[in-house]
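# Descriptive structure summary
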Amino acid sequence: MRAPGGIALFEVDPHQRGVTRRAVTTMDTSRRLAVVRLDGAAGRPAGSGAGGAALARARDLACVALSAEQVGAAQRALELTVAYTKARVQFGRPVGSFQALQHRMADLHVLVESARSLSYAAASAAAGGADDLGLRAAAAKAYCSETLTRVAGEMIQLHGAIGITWEHDAHRFFKRAHGAAHLFGRPSEHVARIAATVIDG
């Protein structure tokens with residue numbers, strides 16, 4: 001919130017009077033989100049140093065954690081897709097034996113492993129208190145968001161008609177990808193952060 005000295009971060013007991021939470025409907029129903037309203041609620045300063053810096057660090061740590069989740073989801077979506085293409089038979093042979101699909105899945109594998117490396121680099125920066133945590137967190141959030149979105153989309157396509165049915169899990173990965181991409185800033189916002197850091201210094 002904005003305090004007399006600038007932006008400040010406060011710790012607030014969610015059970016006290018003046019704090020209300022309202023659940024909101026989301027695309028990804030497996031992740032519950034809510035709007036929290038503070039009306040005269042008491043709080044105590046959280047974080048060290050300027051509130052803006054504490055808030056930025058909290059955002060960066062959230063992005064690092066989210067990037068790890070996105071990599072895990074992308075990896076699982078790819079595993080399920082590879083398994084399906086080995087079992088699905090068309091024209092008398094598994095569809096995974098067709099070179100065009102093998103190339104697509106190989107590209108997805110490279111994408112997931114690259115995202116994993118970026119997520120690890122961001123986690124390492126967070127654990128080590130590196131000065132470039134903000135830059136690494138932004139890169140991980142942007143790249144891992146795009147990776148999960150791409151893999152989830154390909155999962156639906158490579159599963160064919162079954163991929164768009166309510167009973168199959170493919171739509172859950174797709175919804176998680178789109179929902180997660182908007183948490184803690186859209187990928188484009190983090191790319192802008194990176195550009196500002198690299199270009200402006």
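Residues numbered from 1 in each chain as written. Predicted model: local features only at pLDDT ≥ 70, side-chain atom pairs only at ≥ 80, totals over all residues. Heavy atoms only, no water.

## Looking at the packing of helix H1 (residues 51-87) against helix H4 (residues 170-182)
Note the following rule: Helix axes are fitted to C-alpha atoms over the stretch in contact, other axes to C-alpha atoms as well, and angles between N-to-C directions run from 0 to 180 degrees. Secondary structure counts use DSSP, requiring at least four H or I residues in a row for a helix and at least two E residues in a row for a strand, with both numbered from the N terminus. Should an angle fall under 35 degrees it is called roughly parallel, over 145 degrees roughly antiparallel, and 65 to 115 degrees roughly perpendicular, with every other angle called oblique. Crossings are sorted by hand: turned counterclockwise from the far helix by less than a right angle, the near helix makes the crossing left-handed, and turned clockwise it makes it right-handed. In what follows, a contact means two residues having at least one pair of non-hydrogen atoms within 4.5 Å. Each residue gets one label: Ala, Val, Leu, Ile, Met, Phe, Trp, Tyr, Cys and Pro are nonpolar, Asp, Glu, Lys and Arg are charged, and the others, such as Gly, are polar.
Interhelical geometry of H1 versus H4 gives an angle of 160° and a closest axis separation of 11 Å. Viewed along their axes, H1 and H4 adopt a mutual orientation that is roughly antiparallel. H1 and H4 meet at a crossing whose hand is left-handed. In this structure, H1 uses Leu66, Glu69, Gln70, Ala73, Arg76, Ala77 and Leu80 to contact H4, whose residues at the interface are Phe173, Arg176, Ala180 and Ala181. Partitioned by chemical class, the residues of the contact of H1 with H4 number seven nonpolar, one polar and three charged.

## Focus: the packing of aromatic side chains
Between two aromatic rings, the relevant description is the distance of the centres plus the angle of the planes. Counted only if it meets this: Paired rings are identified among Phe, Tyr and Trp, the last through its six-membered ring, by centres lying within 6.5 Å, and are further divided according to the angle between planes into stacked (under 30 degrees), edge-to-face (over 60) and tilted (the rest). The criterion for a charge sitting over a ring is simple: Lys NZ or Arg CZ within 6 Å of the ring centre, and within 35 degrees of the ring normal.
Counted by the stated rule, this structure contains zero aromatic pairs. The cationic tip of arginine 93 hangs over the ring face of phenylalanine 98; the distance from NZ or CZ to the ring centre is 4.4 Å.

## Regarding unusual backbone geometry
Unusually for a residue other than glycine, phenylalanine 91 sits at a positive phi of about 55°. Within the secondary structure, phenylalanine 91 sits in the loop between strand E7 (89-90) and strand E8 (93-94). With a phi close to 60°, phenylalanine 184 is a non-glycine residue in the positive phi region. Within the secondary structure, phenylalanine 184 is located in the loop between H4 and helix H5 (187-200).

## Describing the environment of leucine 183
Put simply, the rule is: The buried label goes to any residue with under 20% of its type's maximum accessible area, the exposed label to any with over 50%, and the partly exposed label to all in between, with areas taken from a 1.4 Å probe on protein chains only.
Secondary-structure assignment places leucine 183 in the loop between H4 and H5. On the basis of relative accessible area, leucine 183 is assigned to the buried category, the value being 17%. For leucine 183 and leucine 66, which are 117 residues apart along the polypeptide, the C-alpha to C-alpha distance reads 8.5 Å. What leucine 183 contacts, discounting residues up to four positions off in sequence, is Arg31, Leu33, Leu66 and Lys141.

## Focus on the pattern of salt bridges
To be explicit about the condition: When a carboxyl oxygen of Asp or Glu is within 4 Å of a side-chain nitrogen of Lys or Arg, the pair counts as a salt bridge.
Enumeration according to the criterion identifies 13 salt bridges in this entry. Measuring nitrogen to oxygen at the nearest pair gives 3.0 Å for the salt bridge that ties arginine 116 to glutamate 113. Here arginine 116 and its partner glutamate 113 are both found in helix H2 (residues 99-128), three residues apart, which amounts to about one turn of the helix. For arginine 150, the salt bridge is made with glutamate 154, and the minimal N-O distance between the two is 4.0 Å. Residue arginine 150 and its partner glutamate 154 are both found in helix H3 (residues 133-159); the two are separated by four residues, about one turn of the helix. Looking at glutamate 154, the relative accessible area reads 16%, which means it is buried.

## Details of H3
For an α-helix, the turn length of 3.6 residues means that residues three or four places apart are oriented alike. What counts here: A helix is expected to span 1.5 Å multiplied by its residue count minus one.
With 27 residues, H3 should reach 39 Å at 1.5 Å per residue; the first-to-last C-alpha distance of 38 Å fits that figure. Counting buried residues in H3 gives 19 out of 27 residues, a clear majority hidden from the surface. Remark: glycine 160 follows H3 within two positions and exhibits a positive phi of approximately 70°.

## As for the side chain of serine 145
One can find serine 145 in helix H3. Under the relative-accessibility criterion, serine 145 is labelled buried at 1%.

## Focus on the nonpolar core
What counts is decided by this rule: Here, nonpolar core means buried Ala, Val, Leu, Ile, Met, Phe, Trp, Tyr and Cys residues that are tied together by side-chain atoms lying within 4.5 Å of each other.
Grouped together as the largest cluster of nonpolar side chains are 14 residues, with contacts concentrated most on Val151 and Phe173. Counting residues per element, the ones that place at least two in this core are H1, H2, H3 and H4. A per-element tally of this core places H3 first, with five residues. Core analysis: the next-biggest nonpolar cluster, separate from the first, contains eight residues, Cys63, Ala122, Ala125 and Ala140 among them.

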